[in-house]
Amino acid sequence: MNKIVGFIRDCVEKYIPLVAFVVLFVIFVFQVFMRYVVKNPQTWTAEVEQSCFLWLVLLGACYAQHLKAHVTFTLVYDSLGVKGKAITAMLGNLLISFCCLITLMPSAKYIIGQMERAQLTSVLKWEKAYVFAPYVVFLAIIAIYALLDIYEEIMVLTGSQKYIDKMLAESKSEAEAAIEESLAQEQLDLNHIDYGEGRKQK
């Protein structure tokens with residue numbers, strides 16, 4: 001079951017945005033070539049680019065949320081203790097989940113309404129529902145990730161060492177992580193040297 005869920009998540013968050021990016025790049029280059037070399041600009045390319053951009057950005061944002069890779073300003077957060085980090089992170093995730101959940105159903109109804117009215121794009125005559133559908137997926141996935149983070153933050157506040165260690169590891173800066181990795185590698189090298197010298201003495 002976990003493999004199935006993981007595959008679906010990868011398809012939504014990685015593979016579909018990857019395809020959208022490739023198509024967006026190819027169409028962009030094609031449009032530049034047609035406009036400035038052939039002198040015959042194509043009107044349909046704008047609709048393809050806009051659609052791909054929406055799918056790329058919205059679903060790619062879900063992947064970034066999964067990795068906790070969105071840009072954050074942590075000057076105050078880094079100065080807090082573990083429980084302070086958990087409380088501030090929880091407040092942010094409560095706000096995110098609340099905003100996503102209250103807009104999820106109206107957005108879904110809007111997409112369904114577009115399908116029922118068969119609203120089409122002006123040039124390619126695509127159904128607009130398919131163009132804007134990733135926004136609903138974006139809201140649902142971001143809300144789920146925020147709720148899962150809230151659960152982890154509650155576990156931190158209850159004193160669960162597993163989640164405390166996880167929060168501390170995730171709150172490390174890239175510089176701190178790089179320094180720790182470098183120190184660990186140096187220790188491995190020293191152990192290897194000591195082991196080699198010990199074998200020579202024997």
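Residues numbered from 1 in each chain as written. Predicted model: local features only at pLDDT ≥ 70, side-chain atom pairs only at ≥ 80, totals over all residues. Heavy atoms only, no water.

With that settled, the discussion passes to the overall build of the chain. Across its full length, the chain holds 7 helices and 0 strands. For 202 residues, the compact-globule formula gives about 17 Å, and the C-alpha radius of gyration of the chain, at 24 Å, lies well above that figure. Taken along the three principal axes of its C-alpha coordinates, the chain extends 80 × 45 × 40 Å. Relative to its 202 residues, the chain shows a buried fraction of 28%. Sequence-distant contacts, at least 24 apart, represent 68% of the contacts inside the chain between residues at least 6 apart. Looking at the chain as shown, the accessible area adds up to about 14,100 Å², and 69% of this sits on carbon and sulfur atoms. (Helix = DSSP H or I, 4+ residues; strand = E, 2+ residues; numbered from the N terminus. Rg over C-alpha atoms; globule rule 2.2 N^0.38 Å. Buried < 20%, exposed > 50% of the residue type's maximum accessible area, 1.4 Å probe, protein only. Contact = heavy atoms within 4.5 Å. Areas by Shrake-Rupley, 256 points an atom, 1.4 Å probe, with all protein chains shown as cover.)

On the surface, Leu18, Phe21, Val22, Phe25, Val26, Phe28, Val29, Val32, Phe33, Tyr36, Val37 and Val38 cluster together into a nonpolar patch covering about 1,100 Å² of accessible area. For leucine 18, the position within the fold is in helix α1 (residues 2-36). (Patch = residues over 30% accessible without salt bridge, like charges linked within 9 Å, V, L, I, M, F, W, Y side chains within 5 Å. Salt bridge = Lys/Arg side-chain N within 4 Å of Asp/Glu carboxyl O.)

Counted according to the given criterion, the structure contains 3 aromatic pairs. Between phenylalanine 30 and tryptophan 44, the ring centres sit 5.8 Å apart and the planes meet at 35 degrees, which makes this aromatic pair tilted. Here the residue phenylalanine 30 occupies a position in helix α1, and tryptophan 44 occupies one in helix α2 (residues 44-66), the gap between them amounting to 14 residues. Taking relative accessible area as the criterion, phenylalanine 30 reaches 31% and is therefore assigned partly exposed. Its guanidinium or amino end placed over the ring of tyrosine 77, lysine 85 lies 4.6 Å from that ring's centre, counting from NZ or CZ. (Phe/Tyr/Trp six-rings, centres within 6.5 Å; stacked < 30°, edge-to-face > 60°. Lys NZ or Arg CZ within 6 Å of the ring centre and 35° of its normal.)

Such coordinate-based values are descriptive only and should not be taken to indicate function.
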